[in-house]
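# Understanding the architecture of this molecule
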Amino acid sequence: MTSMSDLTAIEGTRMRAMRNGVYHSMRRQFFERCERLANLAVLLLGAASVAQVASATLGGQPSTLAIGFLVTLVGGLQLVFNFGGRARDHALFQARFYALLSKAERKTDNPDELAAEIESEMASFYGEEPPTYHVVNAIAYNAVQNSFGRSDKGALLKIGFRQNLLKNLWPFSLHDLKTFDEIAQEQRNSRDLASA
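Here goes a summary of the coordinates provided. The numbering scheme is per chain: residues are counted from 1 as the chain's sequence reads. Residue-level local features of this predicted model are given only where pLDDT is at least 70; pairs of side-chain atoms are given and counted only at 80 or more, and the full residue set underlies all totals for whole chains, interfaces and linings. Just so you know, side-chain values use all the structure's heavy atoms and leave hydrogens and water out.

## A word on the packing of aromatic side chains
We apply this condition: Aromatic pairs are defined between Phe, Tyr and Trp rings, using the six-membered ring for Trp, whenever the two ring centres lie within 6.5 Å; interplanar angles under 30 degrees are classed as stacked, those over 60 as edge-to-face, and all others as tilted. Only protein chains enter the accessibility calculation, which uses a 1.4 Å probe; a residue is then buried when its area is under 20% of its type maximum, exposed when over 50%, and partly exposed in between.
Summed over all chains, the structure comprises four aromatic pairs. Between F30 and F31, the ring centres sit 5.1 Å apart and the planes meet at 65°, which makes this aromatic pair edge-to-face. Both residues of the pair, F30 and F31, belong to the buried class. Taking 6.2 Å as the distance between ring centres and 20° as the angle between the ring planes, the aromatic pair formed by F81 and F83 counts as stacked. A relative accessible area of 37% means that F81 is categorised as partly exposed. On the basis of relative accessibility, which here comes to 14%, the residue F83 falls in the buried class. The structure contains a cluster of three or more aromatic residues connected by ring pairs, namely F97, F125 and Y126.

What follows is the structure, given as structure tokens:
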């Protein structure tokens, strides 16, 4: 197994830039889906509401209040949570981190100096980023580890069903995530304590 400390400075920088790009890509895609679904819901519910108003006016069943409420609710959620704006924010960060990844790929006589320069630029981005959703970030980390040929399962972060289900809705904590090796070590320690 190779650890992160076995990497050269530029290799570690490439992996961090790619992980950040993948993370922002995943968040952008989530918010774009939310925006499209909210737009569809407003359109369909609005059309249903108009149809019910027309039906009620012509003597049909008046259940337009519920449909009207749903249109208002979905429209309000769309305005409050600004799915489209959040998707654009993540698209901007995705582009910035991939630009840094591209910069890290260029040939140089001093890769450590280039790595330090890119790390400095990434650090300036971190302060501008929206809050991190740690499970999404862990999934991006695992994907980048695999894409760099570092697929030792023990070093990957375990993502539980509940975490995966709620990854884009709840930020979780870094403490909620452990590598497979850490989990195995905890299980060994528990067995040792139980047998002592």
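## Comments concerning helix α4 (residues 111-126)
For clarity, the cut-off: Runs of H or I in DSSP of at least four residues are treated as helices and runs of E of at least two as strands, each being numbered from the N terminus. By definition here, a helix of n residues has an expected span of 1.5 Å times n minus one. Arc definition: directions from the helix axis to the C-beta atoms.
Between its terminal C-alpha atoms α4 stretches 22 Å, which fits the 22 Å expected from 16 residues at 1.5 Å a residue. Every buried residue belonging to α4 is among L114, A115, I118, M122 and F125, and all of these are buried. Along the axis of α4, the buried positions cluster into a sector of 100°, meaning they face one direction only.

## Some points on the packing of helix α3 (residues 83-105) against α4
Each pair of packed helices gets described by two things: the angle between the helix axes and the distance between those axes. The test is simple: Think of each axis as a best-fit line through the C-alpha atoms, taken over the contacting stretch in the case of a helix, with angles from 0 to 180 degrees between the N-to-C directions. Any angle that is under 35 degrees is reported as roughly parallel, and any over 145 degrees as roughly antiparallel; angles of 65 to 115 degrees are reported as roughly perpendicular and all others as oblique. Residues count as neighbours in contact if any of their non-hydrogen atoms are within 4.5 Å of one another.
Where α3 meets α4, the closest approach of the two axes is 10 Å, and the angle between their N-to-C directions is 175°. Viewed along their axes, α3 and α4 adopt a mutual orientation that is roughly antiparallel. Facing F93, R96, F97, L100, K103 and A104 of α3, the residues of α4 in contact are L114, E117, I118, E121, M122, F125 and Y126.

## A look at the pattern of salt bridges
Between side chains of opposite charge, a pair can form when the charged atoms approach closely. Selection criterion: Any Lys or Arg side-chain nitrogen found within 4 Å of a carboxyl oxygen on Asp or Glu counts as a salt bridge.
Applying the stated rule across the entire model yields seven salt bridges. R14 serves as the salt-bridge partner of E105, at 3.2 Å between the closest nitrogen and oxygen. You can see E105 sitting in helix α3 and its partner R14 sitting in helix α1 (residues 9-57), a full 91 residues away along the chain. Of the residues examined, R14 reaches a relative accessible area of 18% and is grouped as buried.

## Let's talk about unusual backbone geometry
In this structure, N82 takes a positive phi of about 50° despite not being glycine. With respect to the helices and strands, N82 occurs in the loop between α2 (64-81) and α3. Look at F172: it is not a glycine, yet its phi comes out positive at around 55°. Looking at the secondary structure, you find F172 in the loop between α6 (161-166) and α7 (180-195). For F172, a relative accessible area of 10% translates into the label buried.

## A short note on a nonpolar patch on the surface
Formally: For patches, a residue must show more than 30% relative accessible area and have no salt bridge; joins then use 9 Å for like charges and 5 Å for nonpolar side chains, namely Val, Leu, Ile, Met, Phe, Trp and Tyr. Here the Shrake-Rupley method, with its probe set to 1.4 Å, supplies the accessible areas, and only the displayed protein chains count as covering residues.
A cluster of nonpolar residues, L70, L73, L77, L79, V80 and F81, forms a patch on the protein surface that exposes about 570 Å² of accessible area. Residue position: V80 is located in helix α2. On the basis of relative accessible area, V80 is assigned to the exposed category, the value being 64%.

Any functional reading would require information that these geometric values do not contain.
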